[in-house]
Amino acid sequence: MNELTAQAVIDGLRGLARVDDGVFLARFFKTGEGEYGAGDIFIGVRVPDIRRVCRQFLALPLSEVQKLFHSKVHEHRLAAVILLADQYALADPSGKQAIFALYLANVRQGFVNNWDLVDSSAEFIIGEQLYGHSPDLLFDLARNANIWQRRVAILSSFAFVKKGHADITLQLAQVLLYDKEDLIQKAVGWMLREIGKRVSRQPLLDFLTEHAATMPRTTLRYAIEHLSPEQRKHFMGLKSQKRASL
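*Asks:* Residues and numbers for the nonpolar core, please.
*Replies:* Tyr 103, Ile 126, Leu 192 and Leu 208 are the most contacted members of the largest nonpolar core, which totals 78 residues. Per element, the largest residue contribution to this core is nine residues, and it comes from helix 5 (residues 74–90). The residues contacting Leu 208, other than those within four sequence positions of it, are Met 215, Leu 220, Ala 223, Ile 224, Leu 227 and Phe 235.

Structure below.
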């Protein structure tokens, strides 16, 4: 039986690390000076291997998970969010509250600080915790200056979309619609697309009718991905017409 410590998780990940993968991942996650992942350290462990290690430490105490968040190594922090998401799904109400509080604290402290960390966890912890309750936290996060907190906001609402509810995501999309960060534009477009796929096509079409002419091109392209060729042409045409009139 594995010792339930952060160090044991770190040792397990180290045994699967590959230098060449570390070099590739550092480039892929933009760790160069001035890029969104500047200074992050990768040891070269792929996501399936991280998940395999995490399955061996599902009962890791939250105090030990916290130690993983404090690591400078990206894969250690990714293991932390994967563990919390998996633990949340199995926890009782008091356990869920503790996991939610720990996760949110680390979001606010800047340890959930790349798109893969956000996308692996936000909907499964914050989204699930807030479903059926006040969404005010999501709007607070959406208005934060930190890009990762904004991405947490919109990605957390994916939990609502999967349950058939689009309103909160549409409201968040309006808050974030003119965000200048490419990673937020992509996330907003992705969530709009999912509304059309999972909830109803009409709310997506209504949103696009109102905003397609002015929304960022990246957001629009993601949002219309699964529309018909005729619909895609129509909404891209609105964008082109707007640009031509300027």
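More follows now that the structure is in view.
*Asks:* Which residues make up the environment of Leu 78, and what values do they have?
*Replies:* The topology assignment puts Leu 78 in helix 5. The class for Leu 78 is buried, based on a relative accessible area of 3%. The spacing of Leu 78 and Val 152 is 74 residues in sequence and 14 Å in space, taken between C-alpha atoms. When residues no more than four places from it in sequence are discounted, the contact partners of Leu 78 are Val 47, Ile 50, Asp 116, Leu 117 and Ser 120.

*Asks:* Kindly report on the pattern of salt bridges, identifying the contributing residues and their values.
*Replies:* As enumerated under the stated definition, the model contains 15 salt bridges in all. Here Arg 77 makes a salt bridge to Asp 40, at a shortest N to O gap of 2.9 Å. Highlighted residues: Arg 77 in helix 5 and Asp 40 in the loop between helix 2 (19–28) and helix 3 (47–55), separated in sequence by 37 residues. You can call Asp 40 buried: its relative accessible area is 13%. Here Arg 150 makes a salt bridge to Asp 179, at a shortest N to O gap of 2.6 Å.

*Asks:* Go over helix 10 (residues 147–156) with me, naming the residues and quoting the values.
*Replies:* With 10 of 10 residues buried, helix 10 is to be regarded as a mostly interior element. The set of residues buried in helix 10 consists of Ile 147, Trp 148, Gln 149, Arg 150, Arg 151, Val 152, Ala 153, Ile 154, Leu 155 and Ser 156. Two or three places before Trp 148, at the start of helix 10, stands the capping residue Asn 146, its side-chain oxygen 2.9 Å from that residue's backbone nitrogen.

*Asks:* Describe unusual backbone geometry, listing the residues and the values that go with them.
*Replies:* Look at Lys 30: it is not a glycine, yet its phi comes out positive at around 55°. Structurally, Lys 30 can be placed in the loop between helix 2 and helix 3.

What counts and how
- Residues numbered from 1 in each chain as written.
- Predicted model: local features only at pLDDT ≥ 70, side-chain atom pairs only at ≥ 80, totals over all residues.
- Heavy atoms only, no water.
- Core = buried A, V, L, I, M, F, W, Y, C linked by side-chain atoms within 4.5 Å.
- Buried < 20%, exposed > 50% of the residue type's maximum accessible area, 1.4 Å probe, protein only.
- Helix = DSSP H or I, 4+ residues; strand = E, 2+ residues; numbered from the N terminus.
- Contact = heavy atoms within 4.5 Å.
- Salt bridge = Lys/Arg side-chain N within 4 Å of Asp/Glu carboxyl O.
- Polar contact = N/O pair within 3.5 Å; in protein donor to acceptor, adjacent residues only side chain to side chain.

This is a description of form; function is not addressed.
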